[in-house]
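Working through the structure, step by step
One-letter residues, chain by chain:
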Amino acid sequence: MVTYIIRRLIWAVVMLTIVSIITFAIFFLVPRLAGATSESLATRYVGRTASAADVKIAAEKLGFNDPLIVQYGRFAKGIVAGADYDYGPGVEHCPAPCFGYSFITRLPVWPDLMDRLPITVSLAIGAAVIWVIAGVATGVLSALRRGSFFDRAAMSVALAGVSLPIFFTGIVSLVLFSYGRPFAIFAPGGSYTPFEQNPVTWAYDLILPWVTLAFLYAAGYARLTRAGMLETMNEDYIRTARAKGLNERTVVVKHGLRGALTPILTIFGLDLGLLLGGAVLTESTYSLPGIGKYAIDAITNQDLPKVMGVVLVAAFFVVFANLVVDLLYAVVDPRVRLA
Amino acid sequence: MTAPMDVTGSQTEATPESVLDGAGGAKAIQGRSLGQIAWMRLKRDKVALAGGLIVVVLILVAVFAPLIVGAFGQDPTQFNSDLIDSSTMAPKGGTGISAQHLFGLEPVNGRDIFSRVVYGARISLLIAFLATLLSVIIGTLLGVTAGYFGGLVDSIISKAMDVFLAFPLLVFAIALAGIVPDTAFGLAGDTLRVALLVFIIGFFNWPYVGRIIRGQTLSLREREFVDAARSLGARGPYIIFREMLPNLVAPILIYATLLIPTNVLFEAALSFLGVGVRPPTPTWGGMLSDAVRFYTMPHFMFFPGMAIFITVLAFNLFGDGLRDALDPKAR
């Protein structure tokens, strides 16, 4: 078990490194391929009014003329050990993990990202709770009453749910429940109260995005759970469980559901990991200033250090979620860790 | 060639007899190919057929967009300022819906929503189809290679798939679509944007196809007909292309059909976020993001939103039906 964990951890680190190299290469190469020079990149730091000579000096000091691999090395070192930036007038220290400074605001990227994280985490976790409960419950009920009116109605709604884009349902929910016609129950998007400040307002502000986001995922989970349940409930061990006289409730919950839930656990890990790295569409629809909105703003402003930071943080969550799921599997299923 | 069309990757295999029995005991009458059996099942699935019909209509709409729009005498980028109430910026009469403007007009500049939705189908379907094609080609080639050769090749390709799946796809796609300037790689305008979106969406989706094909190949590799081919002296490429690929057509078809709606949503999302095909070329996602500001005129968001919904739903219905028809066990 210990060797398995170590092996998985090493692979997670390797994977993040590869992702960071590819991301770095793409985001620093594409602008150059498209014609940006070291000087035009440096202009973003020193401002457009600076003289050509100053820009040249800044470009040299920021290392934009170095080979890509040297630049990446510096970037990676900044994340692990922090970095010192020499702008000319003075040296600025950026503590680890250092993702560099924003082209636009000149502020370090990392603290900014950490400010945004609670919003995305609140959004993702709240929605996840709703969609797992709603989706799995609907799927199980549908499977148990296969062909019934409930099953057909629920599966039709679920199919519609997976076919609706979140930004459409999001706008519709805002128009219906927030912008004043017909029901102005919830605050229009953009308001967020930290949980530790007032949990009630926190939840109230997030209900609309939670429900909209959860509906989308619950639809998918209901379909998956139903398919999984139908498959497991036909297994021999379910018949054995029934034959030895267990009541139906125990058979369904302890034997059937357990078998059906394992594949869903994998997908849940991936989904949650992806969401934590920025619920881009939801945040942008509801103007929630989370990681996803940060990413959009960074991209709109062509703010490369921010883009790098967001992509890497998002990749971290995906890799981390995968790691947790794999380790959970190893705990549940001994075949995995022995393989 | 009656190999199982097993997309779940489970080890239980349907014997040819049971496949035929599943078609309603048809074996007593005459032998039918798997394709015929699947078509019989699909014909019985009215919901899937309805989905397929809508898909066909959508494709026709996209292909003949200029004719359809021309029949109403409209142009998707033409401003109709004379039909806009200059004090409220709303179309005269609230929505501007009339015999010439079936879906009404956009507020402020008065562009015809119907023709924009019709033209939007072009971008949406073109990108979704081409991106799916790209993922399927890369995914199938690498998936078959990994599954057939195994060993080091398999572990390299599998690890590569892991890395690709670790990319935060949407963030990465927006970032990539956002940093490419308006002219690059010798292309410009809509051609560049379409090519770019096809590349981004297609290239980062291949591992989903690759994983499935790899699993399928792993189980096919152990089958007798492959052994037979090998004992007759067939080599790797022959076995892959002539023995394996025909047996992989069903899963490839199923996953391609189910990948298209995902890609429609993906393209719409990118356009919604402003990194898709550039205005004034109409896209459904772009129309929705314009419509957000005019929420008091819900007709503006309704039509592009419903266009996305109907397209995705139709492909999903058809894809589900196709899966049930080709692979009855996956029900």
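Every residue gets a number counted from 1 within its own chain, in the order that chain's sequence is written. Working convention: letters from A go to chains and numbers from 1 go to ligands, in the order in which they are written. Local features in a predicted model are, by the rule used here, given only for residues with pLDDT of at least 70; side-chain atom pairs are given and counted only at 80 or more, and totals for whole chains, interfaces and linings are based on all residues. Only hydrogens and water are set aside when side-chain values are computed; all heavy atoms of the structure are taken into account.

Description of the overall build of chain A
As a reminder, the rule being used: Numbering of helices and strands runs from the N terminus; a helix is a DSSP stretch of H or I covering at least four residues, while a strand is a stretch of E covering at least two. Contacts are assigned to residue pairs with any non-hydrogen atoms lying within 4.5 Å of each other.
Per the secondary structure count, chain A includes 14 helices and 2 strands. Contacts in chain A between residues at least 24 apart in sequence constitute 63% of all its contacts with a sequence separation of at least 6.

Section: the overall build of chain B
Under the convention used in this document: A simple rule labels every residue: compare its accessible area, found with a 1.4 Å probe on the protein chains alone, to the largest value its type can have, and call it buried under 20%, exposed over 50%, or partly exposed in between.
The number of helices and strands found in chain B is 12 helices and 2 strands. Secondary structure of chain B in N-to-C order comes out as α-α-α-α-α-α-α-β-β-α-α-α-α-α. Looking at chain B as a whole, 52% of its 331 residues qualify as buried. At a minimum sequence separation of 6, the contacts of chain B that also span at least 24 residues come to 71%.

A few points about a nonpolar patch on the surface
Residues and elements named next belong to chain A. Stated precisely, the cut-off is as follows: Each patch is built from residues lacking any salt bridge and having more than 30% relative accessible area; the joining distance is 9 Å for like charges and 5 Å for nonpolar side chains (Val, Leu, Ile, Met, Phe, Trp, Tyr). Using a 1.4 Å probe, the Shrake-Rupley method yields the accessible areas, and only the shown protein chains count as cover for residues. One speaks of a salt bridge when a side-chain nitrogen belonging to Lys or Arg is within 4 Å of a carboxyl oxygen belonging to Asp or Glu.
A contiguous nonpolar patch, built from Ile-125, Val-129, Ile-130, Ile-133, Tyr-204, Ile-207 and Val-211 and spanning about 570 Å² of accessible area, is present on the exposed surface. Sorting the residues of the nonpolar patch by element identifies helix H5 (109–144) and helix H8 (199–232) as the ones contributing at least two each. By the secondary structure assignment, Tyr-204 is in helix H8.

Regarding helix H4 (residues 68–81) of chain A
Residues and elements named next belong to chain A. Here is the rule we go by: Helices are assigned an expected span. That span is 1.5 Å times one less than the residue count. Throughout, the arc means that of the directions going from the helix axis to the C-beta atoms.
Across its 14 residues, H4 extends 20 Å between first and last C-alpha, which sits within 8% of the 20 Å expected from 1.5 Å per residue. Turning to H4, its buried residues are Gln-71, Tyr-72, Phe-75 and Gly-78. Buried residues of H4 fall within an arc of 120° about the axis and therefore sit on the same side. The exposed residues of H4 that point more than 90 degrees off its buried face are Ile-69, Lys-77, Val-80 and Ala-81. Once H4 finishes, Gly-82 follows within two positions and takes phi at roughly 85°, a positive value.

Quick word on the side chain of Ser-135 of chain B
When you line up the elements, Ser-135 of chain B lands in helix H5 (residues 113–149). Leave out the neighbours within four places in its chain, and Ser-135 of chain B touches Thr-140, Ile-201, Gly-202, Asn-205, Trp-206, Val-209 and Leu-259 of chain B.

Quick notes on the UniProt feature "transmembrane region" (unreviewed entry) in chain A
Residue and element names in this part refer to chain A. Let me state the cut-off plainly: UniProt positions are given in the numbering used here, feature names are shortened, and annotations may be inferred rather than shown by experiment.
Residues given the UniProt feature "transmembrane region" (unreviewed entry) here are residues 9–30, 119–144, 156–180, 200–219, 259–281 and 307–332. Note that residues 200–219 is 100% helix and 0% strand, and that its end C-alpha atoms are spaced 27 Å apart. With 87% helix and 0% strand, residues 259–281 has end C-alpha atoms that lie 33 Å from one another.

Quick notes on the interface of chain B and chain A
The test is simple: Accessible area that two parts lose when put together, evaluated with a 1.4 Å probe and summed over both, is termed the buried area. Note on residue categories: nonpolar means Ala, Val, Leu, Ile, Met, Phe, Trp, Tyr, Cys or Pro, charged means Asp, Glu, Lys or Arg, and polar means any other residue, Gly included.
The interface is formed by 40 residues belonging to chain B together with 43 residues belonging to chain A. In total, about 3800 Å² of surface goes out of reach between chain B and chain A, with carbon and sulfur atoms giving 82% of it. Considering only the surface of chain B that becomes buried against chain A, Val-171, Ile-179 and Tyr-295 of chain B emerge as the three largest contributors, covering 16% of it. At the surface where chain B touches chain A, the tally comes to 1 salt bridge. For Asp-320 of chain B, the salt bridge identified is with Arg-223 of chain A, shortest N-O distance 3.1 Å. For the side of chain B that touches chain A, the elements supplying multiple residues, two or more each, are helix H6 (151–166), helix H7 (169–179), helix H10 (236–272), helix H11 (284–292) and helix H12 (299–326) of chain B. The dominant element in the side of chain B that touches chain A, judged by the number of residues it contributes, is H12 of chain B, at 11 residues. Grouping the amino acids of the side of chain B that touches chain A by side-chain chemistry returns 33 nonpolar, 4 polar and 3 charged.

Some words on the environment of Val-55 of chain A
Residues and elements named next belong to chain A. With respect to the helices, strands and loops of the structure, Val-55 is situated in helix H3 (residues 52–61). A relative accessible area of 7% places Val-55 in the buried class. Each C-alpha atom, one on Val-55 and one on Trp-210, is 47 Å from the other, the two residues being 155 residues apart in sequence.

Notes on the packing of helix H9 (residues 236–243) of chain A against helix H10 (residues 248–276) of chain A
Residue and element names in this part refer to chain A. Selection rule: Angles run from 0 to 180 degrees between N-to-C directions of axes, and those axes are lines fitted to C-alpha atoms, restricted for helices to the stretch in contact. Working definition: roughly parallel below 35 degrees, roughly antiparallel above 145 degrees, roughly perpendicular at 65 to 115 degrees, and oblique for all remaining angles. The sense of a crossing depends on the near helix, which, turned anticlockwise from the far helix by less than a right angle, makes the crossing left-handed and, turned clockwise, makes it right-handed.
At their nearest, the axes of H9 and H10 sit 10 Å apart, and the two run at 160° to each other. The pairing of H9 with H10 is recorded here as roughly antiparallel in orientation. For the pair H9 and H10, the crossing hand works out as right-handed. Contacts between H9 and H10 involve Tyr-237, Ile-238, Ala-241 and Arg-242 from the former and Glu-248, Val-251, His-255, Gly-256 and Gly-259 from the latter.

Things to note about unusual backbone geometry
The phi angle at Ser-287 of chain A is positive, at roughly 50°, despite the residue not being glycine. Along the polypeptide, Ser-287 of chain A turns up in the loop between helix H11 (280–285) and helix H12 (291–300).

Describing the environment of Leu-125 of chain B
Residues and elements named next belong to chain B. The residue Leu-125 is located in helix H5 in this model. Given the relative accessible area of 4%, Leu-125 is considered buried. Linking Leu-125 and Val-264, residues 139 residues apart in sequence, is a C-alpha distance of 6.9 Å. If near-sequence neighbours (up to four positions away) are discounted, Leu-125 is found in contact with Leu-58, Ile-59, Ala-62, Thr-311 and Phe-315.

Some thoughts on the packing of H5 of chain A against H10 of chain A
Residue and element names in this part refer to chain A. Close contact between H5 and H10 brings their axes to 11 Å; oriented N to C, the two are set at 150°. Regarding the angle of H5 to H10, the classification is roughly antiparallel. You can see that H5 and H10 cross each other, and the crossing is right-handed. Contact with H5, carried on its side by Leu-117, Thr-120, Val-121, Ala-124, Ala-128, Trp-131, Val-132, Val-136, Val-140 and Leu-144, involves Val-252, Leu-257, Leu-261, Phe-268, Asp-271, Leu-272, Leu-275 and Leu-276 of H10 and no other residues of that element. Partitioned by chemical class, the residues of the contact of H5 with H10 number 16 nonpolar, 1 polar and 1 charged.

Topic: the side chain of Thr-169 of chain A
All names here are of chain A. Mapped onto the fold, Thr-169 is located in helix H7 (residues 166–177). Judged by its relative accessible area of 16%, Thr-169 falls in the buried class. Non-local contacts of Thr-169, meaning those with residues more than four positions away in its chain, are made with Leu-164 and Thr-212.

Some remarks on the pattern of salt bridges
For the coordinates displayed, the defined rule picks out 11 salt bridges over all chains. Arg-8 of chain A serves as the salt-bridge partner of Asp-326 of chain A, at 2.6 Å between the closest nitrogen and oxygen. Of this pair, Asp-326 of chain A sits in helix H13 (residues 304–332) while Arg-8 of chain A sits in helix H1 (residues 2–33), and the two are 318 residues apart along the sequence. A residue is classified by how much of its surface remains accessible, and Asp-326 of chain A, at 24% relative accessible area, is partly exposed. By relative accessible area, Arg-8 of chain A is classed as buried at 11%. Where Arg-239 of chain A meets Asp-236 of chain A, a salt bridge forms, and the shortest distance between an N and an O atom there is 2.8 Å. One end of the pair, Arg-239 of chain A, and the other, Asp-236 of chain A, are both in helix H9, 3 residues apart, so they sit about a helical turn from each other. Take Arg-239 of chain A: its relative accessible area is 55%, and that puts it in the exposed class. One continuous salt-bridge network, built from bridges that share partners, spans Arg-223 of chain A together with Asp-320, Arg-323 and Asp-324 of chain B.

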